[in-house]
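Fold and geometry: a report
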Amino acid sequence: AMRIINHVLVHIDSAGEGFNDNTPAVPVGGNEGTTIGQQRLIAFQYAADLWGARIDTDVTIRVEASFDPLSCNSSGAVLGAAGPETAHANFNGAPRTNTWYPASLANAITDSDNNGGQVEIIAFFNSNLGQPNCLTGTFFYYGLDGNEGLNIDFVTVLAHELGHGLGFLALSNPSTGQQPSGLTDAFSVHLEDHDSGDLFPDMTDFERASASVDTGDLHCVGPTAVAA
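Residues numbered from 1 in each chain as written. Predicted model: local features only at pLDDT ≥ 70, side-chain atom pairs only at ≥ 80, totals over all residues. Heavy atoms only, no water.

Section: unusual backbone geometry
As a rule of thumb, non-glycine residues mostly have phi less than zero, and peptide bonds are mostly trans rather than cis. Defined as follows: Any residue under 20% of the maximum accessible area for its type is buried, any over 50% is exposed, and the rest in between are partly exposed; the area is computed with a 1.4 Å probe on protein chains only. Think of it this way: any DSSP run of H or I at least four residues long counts as a helix, any run of E at least two long counts as a strand, and we number them from the N terminus.
Despite not being glycine, Asn-90 shows a phi value in the positive range, around 55°. Given a relative accessible area of 45%, Asn-90 falls into the partly exposed group. In this structure, Asn-133 takes a positive phi of about 65° despite not being glycine. With respect to the helices, strands and loops of the structure, Asn-133 is situated in the loop between strand E6 (121-126) and strand E7 (140-141).

Dropping the structure here:
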């Protein structure tokens, strides 16, 4: 049976900004928060619960999140980013040897806390969105109903980024193709360059870097994904 995941948000914003922003806000799209900070927290929990309904683990997943000024201009912006704080290999119970598993995945597999007091996921989002010269006038929408109109749905962005933090990402350097300590990772074992038919772990660094930008030919061929 699936269980609602124990997500704990550890936000590190200063008083009055980010998740602590006290700017008044009108409840919108099922989000009853009355300040920007409250709406961000409610939307965060909503997105976390979407993942929680699909993940079976008894180990708390802690997410350190903040709003920070990120790269942007009038025509494009980094909306946010997230990834695992730590990854683990050759732990007791690892399904594959010499393979990195992001912390939350390793913890779920072993039903134990492999990374001690550290958070499992780091996430940050663009505090400048909508301001002049940062997708001017296009803001995050904090409603829970997917009715963002011309704005950007924060729940969608957050659910996407949490996916990376949970392990849907390659740990190899995208520019050089190098793997951490020369070891592959649990996601990359299912990545294939369909043009060559090669899987990421079997490639050279150069081939991995090339495959990472082989638009239309980079496939996830994991059995669960293929079956779906």
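Thoughts on the side chain of Arg-40
Using the following cut-off: In this charge count, Lys and Arg are treated as positive and Asp and Glu as negative; neither His nor the chain ends contribute. Salt bridges, as used here, are contacts in which a Lys or Arg side-chain nitrogen is within 4 Å of a carboxyl oxygen on Asp or Glu. Each polar contact in these results corresponds to two N or O atoms within 3.5 Å; when the atoms are within protein, one needs to be able to donate a hydrogen and the other to accept it, and residues that are neighboring in sequence are counted only if both atoms are side-chain atoms. Every residue pair with non-hydrogen atoms within 4.5 Å of one another is taken to be in contact.
Considering the arrangement of structural elements, one finds Arg-40 in helix H1 (residues 36-52). Despite its burial, Arg-40 pairs with no opposite charge, the nearest such side chain being Asp-21 at 4.1 Å. Within the structure, Arg-40 has its side chain in polar contact with the backbone oxygen of Gly-18 (distance 2.8 Å). For Arg-40, the residues in contact, after removing those within four places along its chain, are Gly-18, Phe-19, Asp-21, Phe-67, Tyr-142 and Phe-154.

Some remarks on the pattern of salt bridges
Across all of its chains, the model carries three salt bridges by this definition. Salt-bridge contacts for Asp-113 lead to Arg-62; the nearest nitrogen and oxygen are separated by 3.3 Å. Placement of the pair is Asp-113 in the loop between helix H2 (103-110) and E6 and Arg-62 in strand E2 (residues 61-68), with a sequence separation of 51 residues. Note on Arg-62: relative accessible area 19%, which makes it buried. Note that Glu-120 and Arg-62 form a salt bridge whose closest N and O atoms lie 2.7 Å from each other. Placement of Glu-120 in the loop between H2 and E6 and of Arg-62 in strand E2 is noted, with a sequence separation of 58 residues between them. In terms of burial, Glu-120 and Arg-62 fall into one category: buried. Salt bridges linked by common partners bring Arg-62, Asp-113 and Glu-120 together as one network.

Note that all results are geometric; they support no functional claim without further evidence.
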